Amino acid sequence: MSLGATECLLQLYDERHELEDYQSGVPRWCTGCGDNAILAAVQRLCRDEGLRPEKTVFVSGIGCSSRFPHYMKTYGLHTIHGRALPIAEGIRMARQDLDVFVSTGDGDCCSIGAGHWIHAIRYNMNLTVFLHDNQVYGLTKKQASPTSPKGLKSNTTPRGSYLDALNPLTVTLGVQNVSFVAQAVDWIPEVLYDIVSAAYHHKGLSFVRILQRCPEFMAGAFDPWMQDPQRIQLLNHPDGLKISAGLGRTYKNQLEHDPANIDRAREIASGLDPIPVGILYRNPKVPCYEDVRRGKQPLRTPEYVKAGFNAELDKFTIWPEDNPAQPAS
Ligand SMILES: Cc1ncc(C[n+]2csc(CCOP(=O)(O)OP(=O)(O)O)c2C)c(N)n1
Ligand code: SF4
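Predicted model only: the values in this text are computed from it and were never measured. (Residues numbered from 1 in each chain as written. Chains lettered and ligands numbered in written order. Predicted model: local features only at pLDDT ≥ 70, side-chain atom pairs only at ≥ 80, totals over all residues. Heavy atoms only, no water.)

What exactly am I supposed to notice about the site of ligand 2 here?
Around ligand 2 sit W29, C30, C33, C64, N134, Q212, C214, P215, E216 and F217, and those are all the residues in its vicinity. Considered class by class, the residues forming the shell around ligand 2 number seven nonpolar, two polar and one charged. (Near = heavy atom within 4 Å. Nonpolar A, V, L, I, M, F, W, Y, C, P; charged D, E, K, R; others polar.)

Below you can see the structure in the form of structure tokens.
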């Protein structure tokens, strides 16, 4: 049945979403926390892409940043510390019609969840992953994380941490099947938005490390880079970020980098100062695990899994017929 003009307009109106359609509750993050900027960029992306809230899922682990799904009026799972990625992969495997996003902290992803992180990159499922990297455990009030700068005094490193920080970009770029890696900073919203958008449009696992301010426990950690725009190196390329003239006036330190070049991406990713910001690597040809598996072996249905659970639990049930009532003495 073809629709009339009025029905068409009504349908369009119905399908159009405003920012409020993705906003849920009042974030409980501290004032000045970079998570607020990441949330704003992602809500804008959902609005601009017209994502249907009922077809969108945000998955997180545990941490301040992992409160993300609470503030999105979409489906969401605030899961277990370090386990956001395997849960998101399960969702993706079962429901390929959904857009699945992951928010994870540097402790959540690079410490307790490190094993899952490496394997998620290798499986390359179609997920958009944001690593909110504030270089500290925020929720538990300041313990050193793997990305903490050497020498950081924290509750677990009172004499200063002894090791150089782990670099999540070079680690990710070293894993087989890596297909998209980018770096953003929460204090340049225009670039943050462009990177989040490029990550969403990539088919495969897009890994975006976002340097995120934590004024509560890492006050001033990024101040030298915020105060001197020369210490931010914007990566530009026709296949990467296109830097607007306005932005270019402030951020003059730019480097042309072709995101297809993984060796160069690894070199750039190792640089700590200036901080490289942009799309480091993109390869849309890496197969996604869900496509590799498609048609090879039927997926287990929810009914099948439920029956398996019940059978397992029933093993320990004592049924009345196993234990007939004893005659009263
Ligand atoms: C199994 C387990 N171990 C430890 C904790 C305690 N814990 C909660 S959040 C967290 C670290 C959070 O740091 P990060 O992932 O960097 O996120 P942020 O709070 O900085 O956003 C820890 C250790 C936990 N909830 N579960
Ligand atoms: S403690 Fe840090 S990471 Fe957590 S909400 Fe406050 S500023 Fe953000």
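Still more ground to cover, so stick around.
What is the right way to look at the sheet that holds strand β3 (residues 99–105) in this model?
Backbone hydrogen bonds are what pair the strands of a sheet, in a parallel or an antiparallel way. The nine strands lie next to each other as β2-β1-β3-β4-β8-β7-β11-β9-β10, forming an open sheet whose pairing is mixed. Where the open sheet ends on each side, the last strands, each with one partner, are β2 (75–78) and β10 (254–256). Strand-to-strand twist across the sheet, computed as the mean angle between neighbouring axes with direction ignored, equals 20 degrees. Bridge count between strand β1 (residues 56–60) and β3: five bridges; the pairing is parallel. If you follow V57 over to β3, its bridge partner there is V100. (Pairing = 2+ DSSP bridges. Helix = DSSP H or I, 4+ residues; strand = E, 2+ residues; numbered from the N terminus. Axes fitted to C-alpha atoms, helices over the stretch in contact; angles between N-to-C directions.)

Would you mind showing me how to read the pattern of salt bridges here?
Pairing between side chains of opposite charge can happen when their charged atoms approach one another. Scanning all chains against the criterion turns up 16 salt bridges. Residue D48 is joined to R47 by a salt bridge in which the shortest nitrogen-to-oxygen separation is 2.6 Å. Here D186 and R213 are joined by a salt bridge, their closest N and O atoms 2.6 Å apart. A residue pair is termed long-range when its members are at least 10 positions apart, and D186 in the loop between β7 (180–185) and α7 (189–201) and R213 in the loop between β8 (206–211) and α8 (223–227) qualify at 27 residues. Judged by relative accessible area, which is 2%, D186 ranks as buried. (Salt bridge = Lys/Arg side-chain N within 4 Å of Asp/Glu carboxyl O. Buried < 20%, exposed > 50% of the residue type's maximum accessible area, 1.4 Å probe, protein only.)

What am I meant to see in the nonpolar core here?
The biggest cluster of nonpolar side chains holds 44 residues, and the ones touching the most others in it are V42, W187 and I232. At the level of elements, α2 (35–49), β7, α7, β8, β9 (232–236) and β11 (275–282) are the ones that each hand at least two residues to this core. Ignoring any residue separated from it by four or fewer positions in sequence, one finds W187 in contact with L211, R213, F222, W225, M226, I232 and Y251. Core analysis: the next-biggest nonpolar cluster, separate from the first, contains 33 residues, W117, A120, L205 and F207 among them. (Core = buried A, V, L, I, M, F, W, Y, C linked by side-chain atoms within 4.5 Å. Contact = heavy atoms within 4.5 Å.)

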